[in-house]
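Chain residues, written in single-letter form:
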Amino acid sequence: MEIITPDLCDEFPEFIQVVAPMFNNYGGKKSFGGEIVTVKCFEDNSVVKEQVATPGKGKVMVVDGGGSLRAALLGDMLAEKAAENQWEGIIVYGCIRDVDVIAQTNLGVQALRTHPMKTDKRGIGDLNVTVNFAGVTFKPGDFVYADNNGIIVSSKNLQG
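Quick notes on the rules
Residues numbered from 1 in each chain as written. Predicted model: local features only at pLDDT ≥ 70, side-chain atom pairs only at ≥ 80, totals over all residues. Heavy atoms only, no water. Helix = DSSP H or I, 4+ residues; strand = E, 2+ residues; numbered from the N terminus. Rg over C-alpha atoms; globule rule 2.2 N^0.38 Å. Contact = heavy atoms within 4.5 Å. Areas by Shrake-Rupley, 256 points an atom, 1.4 Å probe, with all protein chains shown as cover. Buried < 20%, exposed > 50% of the residue type's maximum accessible area, 1.4 Å probe, protein only. Lys, Arg positive; Asp, Glu negative; His and termini not counted. Salt bridge = Lys/Arg side-chain N within 4 Å of Asp/Glu carboxyl O. Phe/Tyr/Trp six-rings, centres within 6.5 Å; stacked < 30°, edge-to-face > 60°. Arc of directions from axis to C-beta.

**Considerations on the overall build of the chain**
Of the regular secondary structure elements, the chain holds 4 helices and 12 strands. For 160 residues, the compact-globule estimate of 2.2 N^0.38 gives 15 Å, and the chain sits close to it at 14 Å. With respect to the three principal axes, the spread of C-alpha positions in the chain is 40 × 30 × 25 Å. If you take every contact in the chain between residues at least 6 apart in sequence, the share linking residues at least 24 apart comes to 74%. Approximately 7,600 Å² of the chain is accessible, and the part contributed by carbon and sulfur atoms is 48%.

**A short note on the side chain of aspartate 147**
Structurally, aspartate 147 can be placed in strand S11 (residues 143-147). Here aspartate 147 sits buried without a salt bridge, and the closest side chain of opposite charge, lysine 30, lies 12 Å off (N-O distance). Ignoring anything within four residues of it in the chain, the contact list for aspartate 147 reads Ile3, Ile4, Thr5, Pro6, Asn25, Lys30, Ser31 and Gln110.

**Section: the packing of aromatic side chains**
Evaluation of the coordinates by the stated rule reveals 5 aromatic pairs. Aromatic pair phenylalanine 23 and tyrosine 93: ring centres 6.4 Å apart, planes at 45°, arrangement tilted. In this pair, phenylalanine 23 is assigned in the loop between strand S1 (16-18) and strand S2 (24-25) and tyrosine 93 in strand S6 (residues 89-96), connecting sequence segments 70 residues apart. The burial state of phenylalanine 23 is the same as that of tyrosine 93; both residues are buried.

**With respect to helix H3 (residues 76-84)**
Inspection of H3 places Leu78, Ala79 and Ala82 among the buried residues, and these make up the whole buried set. Down the axis, H3 shows its buried residues gathered within 100° of arc, on one side only. Of the residues in H3, the exposed ones pointing more than 90 degrees away from the buried face are Met77 and Glu84. Contacts made by the buried residues of H3 are with helix H2 (46-52), strand S5 (72-74), S6 and helix H4 (99-102). Positive backbone phi, at 65°, marks glutamine 86, one or two positions downstream of H3.

See below:
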């Protein structure tokens, strides 16, 4: 099902929070949406790596990387693993790398920027905690929708 965020905003304005327009669309799926699973981490993608190995059908991973522009929290191998496990997409408040491969991967990916350096793996990060960035609160179990127009969040499933 194609996600068109302007149409969702028009149809459900009372249920929508709009994420500040600072993200770029890098994934092979240009529109995606699903139930939010959050990861909060800073320059350590250990929890992201653990989560992409789990079933993700109908889910979008929202990664609060603190907006760091010093290392990539997602690369081609983790993106491919997420696609294999049927994640709808990953939104990274931080950087990603291997963008040419990610653009060919059946996964929605939005992030602030790209960076060629990988993160350290120290096993640090939180799973399914409420995170706040870009003017929006992301709660596990809520829903997020993204396309080339932007990213929106809703407490209600707007696809069902």
